[in-house]
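Here is how the chains run, residue by residue.
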Amino acid sequence: MLTAPAFTLLFLIALCASLGVRLWLARRQIAHVTAHRDAVPTAFAERIALPAHRKAADYTAAKQRLFALNTLADAVLLLLMTLGGGIGFIIAWTETIAISPFWRDVLMFVVTTLIAGVVSLPFSWRHTFRIEERFGFNRMTQRLWLADLAKAIALGVALGLPLLMLVLWLMATTGTWWWIWVWAAWMAFQLLLLVAYPTLIAPLFNKFSPLAAGAARDRIEGLLSRCGFTSAGLFVMDGSKRSGHGNAYFTGFGRAKRIVFFDTLIARLAPEEIEAVLAHELGHFKLKHVAKRIAWSAVITLGVLALLAYFAREPWFYAGLGIPEALLPTAMARPGVALQLFLLALPVFTFVLEPLGSLYSRKHEFEADAFATRYADAFALVRALVKLYEDNAATLTPDPLHSAYHDSHPPAAVRIARIESLAGPLPIPAAV
Ligand SMILES: [Zn+2]
């Protein structure tokens, strides 16, 4: 249907468009926070001091600059790996090794993943030891950073490698409908991770201890029974081991579900504020946000795999992404090549969908906030959010377009106004 040059052109247009949009949005974000750096928005004037507001602006701009550099480096790497002949070179090289085509594909993935990892490392290092360090968030030593890296690699080998081998084996042995099998395997793996992450994986990196008895736990237990929520583990994670950022999250499902508070959050919030944050997290659970996300990802993954099954049969797909003519028969006979090229090229085409994902996520955040206002004190939630914005140096003045495209959470001012409107009039101050 397409010719190789036509597909190359389409790929280049998509790459330039995605790169252009990302860099343009990063520039807009930097310009916007810088322009609003010297005045706290009126809605926050009483709650956040000017130095904290300025810090948030500088922190946001520094992160955006690093993001822009990282985006550029990724684009250059993608070009080198595809049209620059990188994947073609790796295919030709693995063909010279006396192993089966299956292991040649595995080797190709390992080499490509290593190259991508090496390119991303300096950015990750810079983020932790330059930006986080400069703004007072980093608590990691170089030694801990290296230990984390080693654990992540070991985890990739222990989990990612068997999954890759299973997928390659299914592609090679299950005939025309291989993509249905791969889809089933992928979804099973996702569900397995959902259970394994809180119980087996996260504890490799952090300590989780049950929330200590006290005012906070009493309030939380009261909230859980009001919401009819049973059998959840309440844990405190030693987030302060790596960073000063505070957070809370909900993870797992069934018996493996648990609520996790960062110790940094517990230290900073009053008991009724912790209760309000938990009510928001419970909202995500009660409104089935995790299940909805999984259902969406199942549908999208199936569509994407059907597309891959179609591309894998077309010579223009390989030739259009830089596989030399002479290598085409070899490349098309190795299922891993189609998968590798597809995984590399897909993001430049799907970047147009990112705002939809962000919009969907923000919808869930609004819903969870509304849930929290029904079961906990809305004003305590607002106070908790303001503390979190301040402690995390999250900008209060994001560029509206950047926010619409990237942000999984609504902008601070919009979010707080919405919560306060749901809470009704301001509470009468308690008599002293
Ligand atoms: Zn949320």
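Above this note sits the structure.
Residues numbered from 1 in each chain as written. Predicted model: local features only at pLDDT ≥ 70, side-chain atom pairs only at ≥ 80, totals over all residues. Heavy atoms only, no water.

**Remarks on the packing of helix α10 (residues 289–311) against helix α13 (residues 335–350)**
Test applied: The axes used here are C-alpha line fits, helices contributing only the stretch in contact, and every angle between their N-to-C directions lies in the interval 0 to 180 degrees. A run of H or I in DSSP becomes a helix once it reaches four residues, and a run of E becomes a strand once it reaches two; helices and strands are each numbered from the N terminus. Orientation categories follow fixed angle ranges, with anything under 35 degrees roughly parallel, anything over 145 roughly antiparallel, 65 to 115 roughly perpendicular, and all other angles oblique. In this scheme the handedness of a crossing depends on how the near helix is turned from the far one: anticlockwise by less than a right angle means left-handed, clockwise means right-handed. Residues are treated as being in contact if the distance between any of their heavy atoms lies within 4.5 Å. Only Asp, Glu, Lys and Arg are considered charged, only Ala, Val, Leu, Ile, Met, Phe, Trp, Tyr, Cys and Pro nonpolar, and every remaining residue, Gly among them, polar.
Where α10 contacts α13, the two axes come as close as 10 Å, and the packing angle between them is 125°. Judged by the inter-axis angle, α10 sits oblique to α13. Crossing angle aside, the handedness with which α10 passes α13 is right-handed. Of the residues in α13, those in contact with Val304, Leu307, Leu308 and Phe311 of α10 are Ala338, Leu339, Phe342 and Leu346. Classifying every residue of the contact of α10 with α13 gives 8 nonpolar, no polar and no charged.

**Brief notes about unusual backbone geometry**
Note the threshold: The buried label applies to any residue whose accessible area, calculated with a 1.4 Å probe on protein chains only, is under 20% of its type's maximum; exposed applies above 50%, and partly exposed to all values in between.
Even without being glycine, Lys288 reaches a positive phi, approximately 60°. Mapped onto the secondary structure, Lys288 falls in the loop between α9 (271–286) and α10. With a relative accessible area of 53%, Lys288 lands in the exposed category. In the Ramachandran plot, Ala393 falls in the positive-phi region, its phi being about 50° despite a non-glycine side chain. Take Ala393: it is sitting in the loop between α15 (378–391) and α16 (400–406). Residue classification places Ala393 among the buried positions, given a relative accessible area of 3%.

**Thoughts on the packing of helix α7 (residues 215–226) against α9**
At their nearest, the axes of α7 and α9 sit 9 Å apart, and the two run at 35° to each other. Of the two possible hands of crossing, α7 and α9 adopt the one that is right-handed. Where α7 approaches α9, its residues Ala215, Ala216, Arg219, Ile220, Leu223, Leu224 and Arg226 are matched on the opposing element by Pro271, Glu272, Ile274, Glu275, Leu278, Ala279 and Leu282. A class-by-class count of the residues in the contact of α7 with α9 yields 10 nonpolar, no polar and 4 charged.

**Some remarks on the nonpolar core**
This is how it is decided: Here, nonpolar core refers to any group of buried Ala, Val, Leu, Ile, Met, Phe, Trp, Tyr and Cys residues whose side-chain atoms link them within 4.5 Å.
Among the nonpolar cores identified, the biggest contains 47 residues, and Ile220, Leu224, Ile259, Phe261, Leu278 and Leu282 are the most heavily contacted of them. Of all the elements in the fold, those that place two or more residues in this core are α7, β2 (233–237), β3 (248–251), β4 (258–262), α9, α14 (354–375), α15 and α17 (412–423). A per-element tally of this core places α15 first, with 9 residues. Ignoring any residue separated from it by four or fewer positions in sequence, one finds Ile220 in contact with Leu211, Leu234, Phe261, Ile274 and Leu278. If you look at the next biggest cluster of nonpolar residues, it comprises 46 residues, including Phe7, Ala75, Leu168 and Trp178.

**Description of a positive patch on the surface**
Going by this rule: A patch consists of residues exposed above 30% relative accessible area that lack any salt bridge, with like charges linked at up to 9 Å and nonpolar side chains (Val, Leu, Ile, Met, Phe, Trp, Tyr) linked at up to 5 Å. Every accessible area reported is derived by Shrake-Rupley at a probe size of 1.4 Å, with residue values counting cover from the shown protein chains alone. By convention in these notes, a salt bridge is any Lys or Arg side-chain nitrogen within 4 Å of a carboxyl oxygen on Asp or Glu. When charges are counted, Lys and Arg are positive and Asp and Glu negative, with His and the chain ends excluded. In this description, the location of a charge corresponds to atom NZ of lysine, CZ of arginine, CG of aspartate or CD of glutamate.
A grouping of Arg65, Arg126, Arg130 and Arg134 is seen on the molecular surface, where their side chains present a positively charged patch. Among the elements that make up the positive patch, the one with the highest residue count is helix α4 (residues 101–134) (3 residues).

**As for the pairing of β3**
Counted only if it meets this: Between any two strands, at least two bridges found by DSSP are needed for them to pair.
Neither face of β3 is open: one carries Ala248 and Phe250, the other Tyr249 and Thr251, and all of them are buried. As paired strands, β3 and β4 are joined by 4 bridges and run antiparallel to one another. Bridge pairing in β4 places Phe250 opposite Ile259.

**Thoughts on the side chain of Glu314**
Heads up, the condition is: Distance and chemistry together define a polar contact, namely a pair of N or O atoms within 3.5 Å, with one atom able to donate a hydrogen and the other to accept it when in protein, and with adjacent residues in sequence counting only for side-chain atoms on both sides.
Tracing the backbone through its elements, the reader meets Glu314 in the loop between α10 and α11 (315–320). Separated by 3.2 Å, the side chains of Glu314 and Trp316 make a polar contact. What Glu314 contacts, discounting residues up to four positions off in sequence, is Met1 and Met332.

**Quick word on the coordination of the zinc ion**
What counts here: In this listing, donors mean N, O and S atoms no farther than 2.8 Å from the metal, or 3.2 Å for Na, K and Ca; water is missing from the atoms, so a site can look incomplete. Irregular is the default label, applied whenever a site is not tetrahedral (four donors, all angles between 85 and 135 degrees) and neither square planar nor octahedral (four or six donors, opposite donors over 155 degrees apart, all other angles between 65 and 115).
Protein coordination of the zinc ion is provided by His280 (NE2), His284 (NE2), Glu365 (OE) and Glu365 (OE), with donor distances spanning 2.0 to 2.8 Å. Every donor counted, the 4 donor atoms about the zinc ion form angles of 51 to 138° at the centre, which fits irregular coordination. Each donor residue of the zinc ion lies on the same chain, and together they follow the pattern H-x3-H-x80-E. Here His284 and His280 lie together in helix α9, a separation of 4 residues that amounts to about one turn.

**What about a nonpolar patch on the surface?**
Residues Val352, Leu353, Leu356 and Leu359 make up a contiguous nonpolar surface patch of roughly 400 Å² in combined accessible area. By the secondary structure assignment, Leu359 is in helix α14.

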